[in-house]
Amino acid sequence: MTIPFVATPSWQRDPGTAVPPSPGPAALPEVGRARLEVGGSAVAATTDAEASSPIVADLASLGPLAGYAASGPVTDLFVNGPSGLWIDRGAGPEHEPAWSADEAEVRALAVRLIARGGRHIDEATPAVDVRLGRGIRVHAVLPPVSTSGTVLSVRIPRAAGFPLGALAKAGMLDPQQERLLRDAVAERRNLLVTGAGGTGKTTLLAALLGEAPERERIVLIEDVAELSVSHPHVVSLEARQANLEGTGRIGLDALLREALRMRPDRLVVGECRGAELRELLAALNTGHDGGAGTLHANSLADVPARLEALGATAGLTPDAVARQTVSAFDLVLHLDRVDGRRRLAQMGRFELRGDRLAVEAA
């Protein structure tokens, strides 16, 4: 069902307004010709094939934001209610003076975008995450949860992801780290990629999975699908929000149990946020080598505490989390972002200190 705008936006009422209409098909390929960046460092110009890729075509679904998403190496768009639009092109968010929309217009846009992703947003469900097309991620929060008005956060992925070698050339990895990571994938080590938001966890994980042998079957499990892996045998499972009657929800924990029946060679959880940690630890401790997951953490030293907190939501004691984590993960890769540049800052291994989980820099 298509949910109409609750207001007629100024960009529809007045052709001369500052907010442009959605660009036509001829305008969208400009993003395909832009140089794409990792942490502010150009990697390579995209090809004509990428310019006609589904990701580029999907930009049209962003409506009045499409022209801004196509304006160069854009990674994120942020609309902060009536306060304006910020665009991140790899060096941090910058305010866009050409954008103008009031709160009613931003809310109407949020409702439309969330509906296009197959979900709903209203006072009963005021914060929602959706995927548009093949990987554009849209997150919206309505007042009063957002005290400054309706907030939109849009993540724009690269169509096919960056290969590991390109990340190394861009400065995300040094040569020694690149060799170690290639060896880790070849030896089917279980990896946990950590870092704060926007540090490149998904980018690095996709590049690592792209190094897996072609004969292997990779099963991805995500709350909102955004991992784009260049590999011939990838199965992606996405969580589902409850419907208007409050039924039909399928969480990551349920998807993990289903994935174990799909005979994965590599089992991957896009982001561990709660009870699914229990299933992931159990899976990686029962012969599923080569698996991976991501986790939000501010530093390598904070990772054990974050895992203990998530384990508690799944009914696991700190001792149980510690023993299962040490057995499950072979390597921790922590990313950070300094002056707009994403980098692999630290690598570590889990260990037991008494009955508590700790991490030692590798």
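Preceding this section is the structure that the text describes.
The rules behind the values
Residues numbered from 1 in each chain as written. Predicted model: local features only at pLDDT ≥ 70, side-chain atom pairs only at ≥ 80, totals over all residues. Heavy atoms only, no water. Helix = DSSP H or I, 4+ residues; strand = E, 2+ residues; numbered from the N terminus. Buried < 20%, exposed > 50% of the residue type's maximum accessible area, 1.4 Å probe, protein only. Contact = heavy atoms within 4.5 Å. Polar contact = N/O pair within 3.5 Å; in protein donor to acceptor, adjacent residues only side chain to side chain. Arc of directions from axis to C-beta. Phe/Tyr/Trp six-rings, centres within 6.5 Å; stacked < 30°, edge-to-face > 60°.

Honestly, the environment of Asp330 in this entry has me stumped. Any pointers?
Mapped onto the elements of the fold, Asp330 is located in the loop between α13 (318-328) and β14 (331-338). The class for Asp330 is partly exposed, based on a relative accessible area of 30%. With near-sequence residues (within four places) excluded, Asp330 lies in contact with Arg189, Asn190, Gly348 and Arg349. Among the polar contacts made by the side chain of Asp330, one reaches the main-chain amide nitrogen of Asn190 at a distance of 2.8 Å.

Sorry if this is basic, but what is going on with helix α12 (residues 303-313) here?
Because each turn of an α-helix spans 3.6 residues, side chains separated by three or four positions end up pointing in the same direction. Among the residues making up α12, those that are buried are Val303, Pro304, Leu307, Glu308, Leu310 and Gly311. Looking down the long axis of α12, one finds its buried residues gathered within 165° of arc, a one-sided arrangement. Exposed residues lying more than 90 degrees from the buried face of α12 are Ala312 and Thr313. Tucked into the core, α12 has its buried residues touching β9 (191-195), α11 (276-284), β13 (292-296), α13, β15 (341-353) and β16 (356-361). Two residues or fewer past α12, Gly315 is found with a positive phi of approximately 80°.

How should I be thinking about the packing of aromatic side chains in this particular structure?
Think of a pair of aromatic rings as described by two things: how far the centres are apart, and how the planes are tilted against each other in angle. Enumeration over the complete set of coordinates arrives at two aromatic pairs. The interplanar angle of 70° and the centroid separation of 5.9 Å between the aromatic rings of Tyr68 and Trp99 together place this pair among those described as edge-to-face. Of this pair, Tyr68 sits in helix α5 (residues 66-69) while Trp99 is found in the loop between β5 (93-96) and α6 (103-116), placing the two residues 31 residues apart along the sequence. The same class applies to Tyr68 as to Trp99, namely buried. When the ring of Phe329 is compared with that of Phe350, the centres are 6.4 Å apart and the planes differ by 55°; the resulting orientation is tilted. With Phe329 in the loop between α13 and β14 and Phe350 in strand β15, the pair connects residues that are 21 residues apart, well separated along the chain. For the pair Phe329 and Phe350, a shared accessibility class is recorded, and that class is buried.

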